[in-house]
Amino acid sequence: KNEVEQSPQNLTAQEGEFITINCSYSVGISALHWLQQHPGGGIVSLFMLSSGKKKHGRLIATINIQEKHSSLHITASHPRDSAVYICAAAGGTSYGKLTFGQGTILTVHP
Amino acid sequence: EPEVTQTPSHQVTQMGQEVILRCVPISNHLYFYWYRQILGQKVEFLVSFYNNEISEKSEIFDDQFSVERPDGSNFTLKIRSTKLEDSAMYFCASSIGNIQYFGAGTRLSVL
């Protein structure tokens, strides 16, 4: 059974700061997803990674398969980035089934 | 942009009643999922569905739960006899490849 842990659980930043959220998982995976959940509850997929690094706008996601670790970075953070960020692991043998971390609550103050 | 649609957004029901949560996945997607999130807890996998049958289900998905794709467009989750602990946000997702697209969720409140 895969355990997915995120840190920190809560993160407060000032606008413009560089933010890093970390995710560790316990067993091999086929892919790692980063998701964003807004206060209304809806979930949006940000990235799906199986190796290396991906960038989309101010968001960067990296994964180290050997260390079973992924990071989500936000450059030049903005109050609209305030949300819950969740990592989720797709199992090595289970197509699509995701195991979720507990989420990181990010608050960016102006 | 295509999206996954869930209805209703909020469902209130009495304990012991049956509820059906509805989802319209993205039209060319082949894989369908239900997840739930109890308030303050992690999102949990319930079931995946492919080629008109369940491909995987979790321990949570017991005999009280069932899924159906009745007409080729809707994907439903039925809870036969709701319990207080079924109160949660239920998310539907669909995919054609590895990236899953989530609906906005249905908040189920069991009284």
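These remarks concern the structure in this document.

Here's the deal with the state of the cysteines
Residue and element names in this part refer to chain B.
Thought 1: Under the defined criterion, the tally for this structure stands at two disulfides over all chains.
Thought 2: Here Cys23 engages in a disulfide with Cys92; their sulfurs sit 1.9 Å apart. Residues Cys23 and Cys92 share a disulfide whose torsion about the S-S bond is about -65 degrees; that sign makes it left-handed. One end of the pair, Cys23, is in strand 3 (residues 19-24); the other, Cys92, is in strand 9 (residues 88-95), with 69 residues separating them in the sequence.
Thought 3: Judged by relative accessible area, which is 0%, Cys92 ranks as buried.

Quick notes on the sheet that holds strand 7 (residues 65-68) of chain B
Strands belonging to one sheet form pairs held by backbone hydrogen bonds; the direction of such a pair is parallel or antiparallel.
Residue and element names in this part refer to chain B.
Thought 1: Read from one edge of the open sheet, four strands run 1-3-8-7, paired in antiparallel fashion. Edge strands, defined here as strands with exactly one partner in the open sheet, are strand 1 (5-7) and strand 7. Across this sheet, the average inter-strand angle for adjacent strands is 20 degrees, counted without regard to direction.
Thought 2: As paired elements, strand 3 and strand 8 (residues 75-79) share five bridges and run antiparallel to each other. Pairing of Cys23 across the sheet is with Phe75, part of strand 8.

Some remarks on unusual backbone geometry
Thought 1: A cis amide bond, omega -10 degrees, links A:Ser7 with the succeeding residue A:Pro8.
Thought 2: When you line up the elements, A:Pro8 lands in the loop between strand 1 (4-7) and strand 2 (10-14).
Thought 3: In this structure, B:Pro8 follows B:Thr7 across a cis peptide bond, with omega equal to -10 degrees.
Thought 4: Of note, the phi angle at A:Ala76 is positive, near 45 degrees, even though the residue is not glycine.
Thought 5: Following the sequence through the fold, A:Ala76 ends up in the loop between strand 8 (69-74) and strand 9 (83-91).
Thought 6: For A:Ala76, a relative accessible area of 44% gives the class partly exposed.
Thought 7: Positive phi is not limited to glycine here, since B:Asn52 has a value of about 65 degrees.
Thought 8: Among the secondary structure elements, B:Asn52 is positioned in the loop between strand 5 (43-50) and strand 6 (53-57).

Here we look at the interface of chain B and chain A
Where interface size is quoted, it is often the accessible area lost as the parts come together.
Thought 1: Chain B puts 18 residues into the contact, and the matching count from chain A is 20 residues.
Thought 2: A buried area of about 1,600 Å², summed over both sides, lies between chain B and chain A, and 59% of it is on carbon and sulfur atoms.
Thought 3: Per-residue buried area on chain B facing chain A is highest for B:Lys42, B:Asn98 and B:Phe102; these three make up 34% of the total on that side.
Thought 4: In this structure, the connection of chain B to chain A is made through one salt bridge.
Thought 5: As a salt-bridge pair, A:Lys97 and B:Glu56 come within 3.7 Å of each other at their nearest N and O atoms.
Thought 6: Our count for the contact surface shared by chain B and chain A stands at two residue pairs in polar contact (both at pLDDT 80 or more).
Thought 7: When residues of the side of chain B that touches chain A are traced back to their parent elements, those giving at least two are strand 4 (31-37), strand 5 and strand 9 of chain B.

Digging into the environment of B:Val19
All names here are of chain B.
Thought 1: Summarising the element assignment, Val19 is placed in strand 3.
Thought 2: Separated by 46 residues in sequence, Val19 and Phe65 have C-alpha atoms that sit 9.9 Å apart.
Thought 3: When near neighbours in sequence (up to four residues on either side) are disregarded, Val19 contacts Gln11, Thr13, Leu77, Lys78, Ile79, Thr82 and Leu108.

Concerning the side chain of A:Gln36
Residue and element names in this part refer to chain A.
Thought 1: Its place among the elements puts Gln36 in strand 4 (residues 29-37).
Thought 2: The exposure class of Gln36 is buried, given its relative accessible area of 12%.
Thought 3: Side-chain polar atoms of Gln36 contact the side chain of His38, separated by 3.1 Å.
Thought 4: In this structure the side chain of Gln36 is engaged in a polar contact, spanning 3.0 Å, whose partner is the side chain of Tyr85.
Thought 5: Here Gln36 is in contact with Gly42, Ile43, Val44, Leu46, Asp81, Ala83, Val84 and Tyr85, once residues within four sequence places are set aside.

What counts and how
- Residues numbered from 1 in each chain as written.
- Chains lettered and ligands numbered in written order.
- Predicted model: local features only at pLDDT ≥ 70, side-chain atom pairs only at ≥ 80, totals over all residues.
- Heavy atoms only, no water.
- Disulfide = S-S within 2.5 Å.
- Helix = DSSP H or I, 4+ residues; strand = E, 2+ residues; numbered from the N terminus.
- Buried < 20%, exposed > 50% of the residue type's maximum accessible area, 1.4 Å probe, protein only.
- Pairing = 2+ DSSP bridges.
- Axes fitted to C-alpha atoms, helices over the stretch in contact; angles between N-to-C directions.
- Contact = heavy atoms within 4.5 Å.
- Buried area = accessible area lost by both parts, 1.4 Å probe.
- Salt bridge = Lys/Arg side-chain N within 4 Å of Asp/Glu carboxyl O.
- Polar contact = N/O pair within 3.5 Å; in protein donor to acceptor, adjacent residues only side chain to side chain.

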